[in-house]
Amino acid sequence: MRTNAVFIKTGMPGKLIFDYKKNKGLVYFSIALFGLVLLIMLVRAFVLEPWLQKKLEKTVQEKSQGLYSFKVAQLQTSLLSGTLTLKGITLTPNPNLWQNRKKQNYPNLPPLLVQLKAEAIDFRGLSYLNLLFNKPLELTQISLNKPIIHAMQMAKDTTSQPLHQKLSGPLKNFKLGAFKIREATFSYKKFQDKWHTVELDSFSLTVNDIRFDSIAYNDPERQYYAKHIEAYANQSNILLPDAYYRLKTKKVWLNTADKKIELRQVRVVPLYTPAALAKRVGNAVPQLRIWIPLVKFSGADFPNFARLSSLNINSFQVYNPRVQAFMDTKNFKQKQKKPLLHDMVQQVKVNFNLKQCNIHNLFIRYDELAPRATRTGYLTLEKINVSITNFTNDKKYMSAKNPAVLRGEVVVMGEAHVKAVTRVNLLDPQAQHIISGSIGKANPKIINPIIEPAYYVRVKSGTLQKGDFRMTLTRTAVTGTMHLYYDDFKVDLLSKDKSGNEEASKERGKEKKQTVFKKVLTVFANKIVLNSNNNTLEGKFKEGKINSNRRMNRSFFTFWIDGLTSGVRSTLGLNSQVPQSN
């Protein structure tokens, strides 16, 4: 028997579930709905998406007035879920056109051009209706996958207007839940420069809760309109100011929520040989090489820096750094005036306040080819530990009553233990600061590697039992006192051999014979000039007077050394003034 009903078996045989005859309208509606969805999908795939793709490409070119061309290999949309995916993206600027327009005084030229290639950009939470009716744009997420980004600085940005005030149309009061970049390759340079200023490899960025409005801009808990920023780079390569060195790292990590920055395997690499560097600077300067396994910043106030350009950091930690320096003062003169620590701090345009800084286990080797030397001398400073508190250029925190305090300890040439405390008002116009400290037991011969090549003098014997010092330094001079307790201090005055090399020490091989004249001078120096013993047992103790003018062409660190040298010279019976010659 024929029927128009549809029967589906359930637990009860022959029970009617759906009656086609009675629900014919529902069937037609379902078919029509399916057809409509299919039609929408076809229209989206073959009409809307191609049209939107061409519209985007054309809009970018028109809005940039030809400065950019934009190409998309594939565009995919979902009207229901509010997603838009662009695949195979290429954004290409035209710097030559920019330069031509600059010559023609075109208004509103962007100071920065960006070249972009990316596998895909995903937009999520997009309301097409809001976009259609020009309402403020809101998105839940924008993600950029494996982009290659090249930024070119075409001109200095002279505008002071905040970003949110520059936005208009749908971008005005724009809100974005999250912006993510994954595994990017990034570089930045000035257009005409030879080298990139910044290079980042495997760079990832996550920015959460972005609101481009005045409230977010002034929010003390936000930085650059965002609630939270986290950035990571597997490698970084940064050209330092003056383009003499590059700062390279293996890993860089920043997290504004944790208020931390971490750098690993830090290196400062020179771009020129010592001679080429000195020629470029026009002055004898040390060529530096620096290695630092780990650097940590904590308690960094990112919102304050973003809003007020004021950098506040609770803690700065440097672990196991190594510094190698070489300077040629024989072939290049030190002509330029060098700044003191005060000057360097006061020249920083950004307000900063570093509450605590610790340098752990620093090693320094300094090599110098002195004006009279025929070979390089050297000095090593090992196991340096430094603690610095209240290092700031902010008038609210820096004063004579509340100075920066630097506490340090060092082992000189692997033997002499020196401890010192420096109290310095970094904003004092006269640059006054006080250094006091102590010196442990050592053999004075340890300084031979640095004084032999430079001064043709060698320590022959002696024992330093202990010492202490206190000195006050200003912009022009250093004064103070030194107490050195030592016994049997004697020197040899050296001469050059016929080849031009100074008399070698035993460490270099055979002992060269002194000339008769040098022998006489040596005896005279040890017996008449020098105070060979300085201790309380013999009742001949002499307090050293620190009194010397500042050598303006030397660094502040050399100024400190000159103060100690003045005290040593005075104790030995020499003029306390450190020679002013190069």
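Look a little higher up for the structure.
1. Let's talk about the pattern of salt bridges
Where charged atoms of side chains with opposite charge meet at close range, the side chains can pair.
Here is step 1 of the chain: Tallied over the full model, the rule gives 12 salt bridges.
Here is step 2 of the chain: Here K58 makes a salt bridge to E62, at a shortest N to O gap of 3.9 Å. In this pair, K58 and E62 are both assigned in helix α1 (residues 24–63), 4 residues apart and thus about one turn of the helix distant.
Here is step 3 of the chain: The shortest N-O distance in the salt bridge between R222 and D219 comes to 3.4 Å. In this pair, the class of R222 matches that of D219, namely buried.

2. Digging into empty space enclosed by the protein
Here is step 1 of the chain: Taken as a whole, this structure holds 1 cavity of 30 Å³ or more when the rule is applied.
Here is step 2 of the chain: Reported here for the largest cavity is a volume of approximately 40 Å³.
Here is step 3 of the chain: Lining the largest cavity we find P274, A278, A284, V285, Q287, F326, M327, D328 and F332.
Here is step 4 of the chain: At the level of elements, α6 (274–281) and β17 (322–328) are the ones that each hand at least two residues to the lining of the largest cavity.
Here is step 5 of the chain: Counting residues per element, the lining of the largest cavity draws most heavily on β17, at 3 residues.
Here is step 6 of the chain: Partitioned by chemical class, the residues of the lining of the largest cavity number 7 nonpolar, 1 polar and 1 charged.

3. Let's talk about the pairing of strand β23 (residues 457–473)
Here is step 1 of the chain: Sheet topology note: the strand β22 (residues 433–439)/β23 ladder contains 7 bridges and is antiparallel. Counterpart to G437 in the pairing with β23 is F469.
Here is step 2 of the chain: With 14 bridges connecting them, β23 and strand β24 (residues 477–493) associate as antiparallel partners. Residue V459 lies in a different strand from β24, and its bridge partner there is V491.
Here is step 3 of the chain: Turn length for the β23-β24 hairpin, with the two strands adjacent in sequence and antiparallel, is 3 residues.

4. So, the environment of G563
Here is step 1 of the chain: One can find G563 in helix α11 (residues 556–572).
Here is step 2 of the chain: Here the alpha-carbon distance between G563 and T479, two residues 84 residues apart in the chain, equals 7.5 Å.
Here is step 3 of the chain: Here G563 is in contact with M471, V478 and I546, once residues within four sequence places are set aside.

5. Observations regarding a nonpolar patch on the surface
Here is step 1 of the chain: Taken together, the side chains of Y224, F305, L311, V348 and V350 make up a nonpolar region of the molecular surface, amounting to roughly 400 Å² of accessible area.
Here is step 2 of the chain: With respect to the secondary-structure elements, Y224 resides in the loop between α5 (214–217) and β11 (226–239).
Here is step 3 of the chain: With a relative accessible area of 53%, Y224 lands in the exposed category.

6. Some words on the pairing of strand β8 (residues 148–153)
Here is step 1 of the chain: Pairing of strand β5 (residues 112–124) with β8 involves 6 bridges; the strand directions are antiparallel. Bridge assignment links K117 to a residue of β8, and that residue is I148.
Here is step 2 of the chain: Two strands pair when backbone bridges link them, and β8 and strand β9 (residues 175–190) are joined in this way by 6 bridges, in the parallel orientation. Pairing of I149 across the sheet is with F186, part of β9.

Cut-off values and rules
- Residues numbered from 1 in each chain as written.
- Predicted model: local features only at pLDDT ≥ 70, side-chain atom pairs only at ≥ 80, totals over all residues.
- Heavy atoms only, no water.
- Salt bridge = Lys/Arg side-chain N within 4 Å of Asp/Glu carboxyl O.
- Helix = DSSP H or I, 4+ residues; strand = E, 2+ residues; numbered from the N terminus.
- Buried < 20%, exposed > 50% of the residue type's maximum accessible area, 1.4 Å probe, protein only.
- 1 Å grid on protein atoms, 1.4 Å probe; cavity = no way out; pocket = protein on both sides within 12 Å on 5 of 7 lines; lining within 4 Å.
- Points joined across faces, edges and corners; volume = space filled by probe spheres on them.
- Nonpolar A, V, L, I, M, F, W, Y, C, P; charged D, E, K, R; others polar.
- Pairing = 2+ DSSP bridges.
- Contact = heavy atoms within 4.5 Å.
- Patch = residues over 30% accessible without salt bridge, like charges linked within 9 Å, V, L, I, M, F, W, Y side chains within 5 Å.
- Areas by Shrake-Rupley, 256 points an atom, 1.4 Å probe, with all protein chains shown as cover.

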